[in-house]
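# Coordinate analysis (summary)
Chain by chain, the residues:
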Amino acid sequence: MMDVYFSLFLVSFLAATLLPAASEVLLTALAASGHDLLLLWCVATLGNTLGSVFNYALGRYFLHFQDRSWFPFKGDKLQKGQHWFQRYGVWSLLFAWAPVFGDLLTFLAGIMRVHFALFVTLVFIGKGIRYAIVLGMLQWIMFF
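Residues numbered from 1 in each chain as written. Predicted model: local features only at pLDDT ≥ 70, side-chain atom pairs only at ≥ 80, totals over all residues. Heavy atoms only, no water.

## Describing the side chain of Asn55
This is how it is decided: Where helices and strands are cited, they refer to DSSP runs of H or I of at least four residues and of E of at least two residues respectively, numbered from the N terminus. Categorising residues by exposure relies on relative accessible area from a 1.4 Å probe, with only protein chains included: less than 20% of the type maximum marks a residue as buried, more than 50% marks it as exposed, and the intermediate range marks it as partly exposed.
Position of Asn55 among the secondary structure elements: in helix α3 (residues 37-61). Asn55 sits in the buried class, given a relative accessible area of 1%.

And the structure:
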């Protein structure tokens, strides 16, 4: 039984990093099979938030590797991202759940050295709302 929740945690964590993973698919499958919705929500939200913390750490601590070939964001794109983040501010972290640019947001937050507690709070709220909506939609669909 714990393997199910660990798998959801791991997939949710990976989905928040630069690696592709679809945590919503596993979340809905587990919810449809009768697992506890609150526990599923907690595990998915925690895993996805911690995956974003990983991106934050990459941005904060690995920026000095930006000249390396493996660094994911190059010169102009990195500057554009920083400008965009400065323009829209920390509240944009509520959208860290969004595909592709959500990962970039959390990485940029690390580069911009957003206060860590504020970062975690905003990311957790955004991701938590997203998973609540996914579970709510599933319950609504299963009702009809």
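Moving on, there is more to tell.
## Some details on helix α1 (residues 2-16)
Applied cut-off: One less than the residue count of a helix, multiplied by 1.5 Å, gives the span that helix is expected to have. Working definition: the arc comes from the directions between the helix axis and the C-beta atoms, pointing outward to the latter.
In this model α1 runs 21 Å from its N-terminal to its C-terminal C-alpha over 15 residues, within 8% of the 21 Å that 1.5 Å per residue would give. Taken as a whole, α1 has its buried residues at Tyr5, Leu8, Ser12, Ala15 and Ala16. Each buried residue of α1 sits inside an arc of 95 degrees when the element is viewed along its axis, so together they form one side. More than 90 degrees from the buried face of α1, the exposed residues found are Met2, Asp3 and Phe6.

## So, a nonpolar patch on the surface
In plain terms, the rule: Without a salt bridge and with relative accessible area above 30%, a residue can belong to a patch; like charges are then joined within 9 Å and nonpolar side chains (Val, Leu, Ile, Met, Phe, Trp, Tyr) within 5 Å. Only the protein chains shown count as covering a residue, and every accessible area follows the Shrake-Rupley method with a 1.4 Å probe. Here, a salt bridge means any side-chain nitrogen of Lys or Arg that lies within 4 Å of a carboxyl oxygen of Asp or Glu.
Nonpolar side chains collect at one region of the surface, where Trp84, Tyr88, Phe95, Trp97 and Phe101 lie side by side and expose about 500 Å² of accessible area between them. Position of Phe101 relative to the elements: it lies in helix α5 (residues 101-111). On the basis of relative accessibility, which here comes to 40%, the residue Phe101 falls in the partly exposed class.

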